[in-house]
Amino acid sequence: MSKAYVYTRHGGPEAEALIDLDRPGPGPGEILIAVRAAGVNPVDWKLRQGFRRPGEGERVFPVVFGGEAAGVVAEVGPGVTGFAAGDEVFGGAAHGAYAEYALLTADVTAHKPAALSFRDAATLPVAAATAYDGVRQLDLPGGSTLLVTGAGGGVGSAAVQIARAFGLRVVGVASEGKKEFVESLGAVHVSSGPDLVERVRSAAPDGIDGVYDLVGGPVLTEAAELLKDRAKLVTAGSPQQAVAALGGAAVQRVRTAAVLEAVADLAVRGALNPHVTRVFPLEQAGQALRAVEDGHALGKIVIEVAA
């Protein structure tokens, strides 16, 4: 049996439970790992509430939380090459990651560099890879100015650092309480709230060349006003709003091992610090999820599983 943190129906925190499940077996194209760490992301609680990605069918309960993990390969499925039992890996979870054992999709799994901890590696497949995909999608030339909304969160803080590594100047929008953190990433901090456009124009008098939005709603609408070319607007915060009303685009996730290797290289070189600010054991997975669900998490939150 394998302990796993699940939701048993759509709803609020009352639908969550730590239960015992049969240890999963890897199917074609899958890798079973003994989980050492799992990243916590806002989409985790949104899925519990009933959010459904395009093309997804009905879920079969219980559903294990989590979309990214790092650990040690226990078994490989049919057709999987390049991985063997005992390998240290990280990647995208096929059927949940808040568990002692999890299935990773082999095509979205990479070997963990020895210099990278399980804790940091577990934050890369969703948050850092989403940040990387969005910055690459904008394709701004070096020296351009990028506005990142939600710059103090897991994806936002990674986007700031990746953009800086690509030679961009970054203006980061976040609450006043995250000012010091955002500035430590190499961004010019602008406080969120009313009159955002005026504050951004003051911080970037030469203009904004691109927007990477992670908030959506009124913040996204205001940020769009700063652009001459709406093709340079991407969002992971509100895709429908960006496409339908503002002329921008949703972040196009690449989801390949090559992207994971690229962000891991940035982390090893010191250009990307995942900034894991809180760590919880699997038995306290609910508390980890609440820390993200309240909307005030700084950096990344990780669940660790004892070896």
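From a predicted model like this one, the values you see are computed outputs, not experimental measurements.

### Side note on the overall build of the chain
Each helix and strand in the chain was counted, giving 10 helices and 15 strands. Over its C-alpha trace the chain gives a radius of gyration of 19 Å, about what one expects of a compact globule, namely 19 Å for 307 residues. Along the longest, intermediate and shortest principal axes, the C-alpha atoms of the chain span 60 × 40 × 35 Å. Going through the 307 residues of the chain one by one, you find that 51% of them count as buried.

### Observations concerning the sheet that holds strand β9 (residues 169–174)
Taken together, six strands build an open sheet; the order of strands is β10-β9-β8-β11-β12-β13 and the sheet is parallel. Looking at strand neighbours, the two that pair on one side only are β10 (188–191) and β13 (249–250), the edges of this open sheet. Along the sheet, helix α6 (residues 196–203) contacts β8 (145–149), β9 and β10; its crossing angle with β10, the most-contacted strand, is approximately 160°.

### A short note on the sheet that holds strand β2 (residues 16–21)
With antiparallel pairing, three strands are arranged side by side in an open sheet as β2-β1-β4. Of all strands in the sheet, those with a lone pairing partner are β2 and β4 (63–64), marking the two edges. Sheet analysis places strand β1 (residues 2–7) next to β2, joined by six bridges and oriented antiparallel. Following the sheet pairing, A4 is matched in β2 by I19.

### Examining the pattern of salt bridges
According to the stated counting rule, one finds 12 salt bridges in the structure shown. Where E16 meets R48, a salt bridge forms, and the shortest distance between an N and an O atom there is 2.8 Å. Remark: R48 occurs in helix α1 (residues 42–49) and E16 occurs in strand β2; sequence separation between them is 32 residues. You'll find E16 and R48 in the same group, each marked buried. Its salt-bridge partner being R48, residue E293 comes within 2.7 Å of it at the nearest N-O pair. Remark: R48 occurs in helix α1 and E293 occurs in helix α10 (residues 285–293); sequence separation between them is 245 residues.

### Focus: helix α3 (residues 124–138)
Between its terminal C-alpha atoms α3 stretches 20 Å, which fits the 21 Å expected from 15 residues at 1.5 Å a residue. With 12 of 15 residues buried, α3 is to be regarded as a mostly interior element. Within α3, the full set of buried residues consists of L124, P125, A127, A128, A129, T130, A131, Y132, D133, G134, V135 and L138. One or two residues past the end of α3 sits D139, with phi positive at roughly 55°.

Cut-offs applied
- Residues numbered from 1 in each chain as written.
- Predicted model: local features only at pLDDT ≥ 70, side-chain atom pairs only at ≥ 80, totals over all residues.
- Heavy atoms only, no water.
- Helix = DSSP H or I, 4+ residues; strand = E, 2+ residues; numbered from the N terminus.
- Rg over C-alpha atoms; globule rule 2.2 N^0.38 Å.
- Buried < 20%, exposed > 50% of the residue type's maximum accessible area, 1.4 Å probe, protein only.
- Pairing = 2+ DSSP bridges.
- Contact = heavy atoms within 4.5 Å.
- Axes fitted to C-alpha atoms, helices over the stretch in contact; angles between N-to-C directions.
- Salt bridge = Lys/Arg side-chain N within 4 Å of Asp/Glu carboxyl O.
- Expected span 1.5 Å × (residues − 1).

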